[in-house]
Amino acid sequence: QVQFVESGGGLVQPGGSLRLSCSAPTSGRQFSIYDMGWYRQPPGRQRERVAHISGGGTQVYHDSVLGRFAIFRDNAKNTLYLPMDSLNAEDSAVYYCNAVPVNEGHWGQGTEVSVSS
């Protein structure tokens, strides 16, 4: 089973920045068709979607990350990005990418973001 592959996480101090990347199991035209999103699951909390991008590039953000995160896609590279600025402790979580709505069979391992001083 082919899964999304997330990368770019790490340990960062409050106020810092990271850029997450996601390699999609789909390719070419197939990737470009799907709405995509970034999801995160903080410790002890439910998974939530933080950003959503349509196949046409329309972006929607969760209020908690609005103005700090961005979502971009490079359809030619089958890649999804999440640049994150002004990180705070509430952003600490394992971050995943998936389609919107999710394809339950394609969850990857995620990439962990830890914001701590």
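For the structure, see preceding data.
Everything in this summary refers to the structure shown in the same document. Nothing here was measured: the structure is a model prediction, and the numbers come from that model.

So, about unusual backbone geometry. Residue Pro 101 follows Val 100 across a cis peptide bond; omega there is -5 degrees. Located in the positive-phi region is Asn 78, a residue other than glycine, with phi close to 55 degrees. Looking at the secondary structure, you find Asn 78 in the loop between strand 7 (72-74) and strand 8 (79-84). In this model, Ser 86 sits at a positive phi of 50 degrees, which is unusual for a non-glycine residue.

Enumeration over the complete set of coordinates arrives at five salt bridges. Arg 45 is paired through a salt bridge with Glu 90; the nearest N and O atoms lie 3.6 Å apart. Taken as a pair, Arg 45 in the loop between strand 4 (36-41) and strand 5 (48-53) and Glu 90 in the loop between strand 8 and strand 9 (93-99) lie far apart in primary sequence, 45 residues in all. For Arg 45, a relative accessible area of 44% corresponds to the partly exposed category. A salt bridge links Asp 74 to Lys 77, with the nearest nitrogen and oxygen atoms 3.5 Å apart. Classification of Asp 74 by relative accessible area gives partly exposed; the value is 23%. Each member of the salt-bridge network shares a partner with another, and the members are Arg 40, Glu 48, Arg 68 and Asp 91.

What follows concerns the pairing of strand 9. Among the seven residues that make up strand 9, six are buried, leaving the element largely enclosed by the rest of the structure. In this structure, strand 9 lies alongside strand 10 (residues 111-115), joined through three bridges in antiparallel fashion. Residue Val 94 lies in a different strand from strand 10, and its bridge partner there is Glu 112.

Right, let's get into the side chain of Glu 48. Positionally, Glu 48 belongs in strand 5. A relative accessible area of 17% places Glu 48 in the buried class. At a separation of 2.8 Å, a polar atom in the side chain of Glu 48 contacts the side chain of Arg 40. Beyond its immediate sequence surroundings of up to four residues, Glu 48 is in contact with Trp 38, Tyr 39, Arg 40 and His 62.

So, how was this worked out
- Every chain is numbered on its own, with residues counted from 1 as its sequence reads.
- In view of the model being predicted, local features appear only for residues whose pLDDT reaches at least 70, and side-chain atom pairs are presented and counted only at 80 or more, with totals across whole chains, interfaces and linings using the full set of residues.
- The side-chain quantities take in all heavy atoms of the structure and omit both hydrogens and water.
- Only runs of H or I of at least four residues qualify as helices and only runs of E of at least two qualify as strands under DSSP, and these elements are numbered from the N terminus.
- In the sections that follow, a salt bridge refers to a side-chain nitrogen of Lys or Arg positioned within 4 Å of a carboxyl oxygen of Asp or Glu.
- The rule is simple: take the accessible area with a 1.4 Å probe, protein chains only, and divide by the maximum for that residue type; under 20% is buried, over 50% is exposed, in between is partly exposed.
- DSSP-based pairing: two strands are paired if at least 2 bridges between them are found.
- The term polar contact refers here to a pair of N or O atoms within 3.5 Å; inside protein, the definition further demands a hydrogen-donor-capable atom paired with an acceptor-capable atom, and it admits residues adjacent in sequence only when both atoms are side-chain atoms.
- Contacts are assigned to residue pairs that have any heavy atoms within 4.5 Å of one another.

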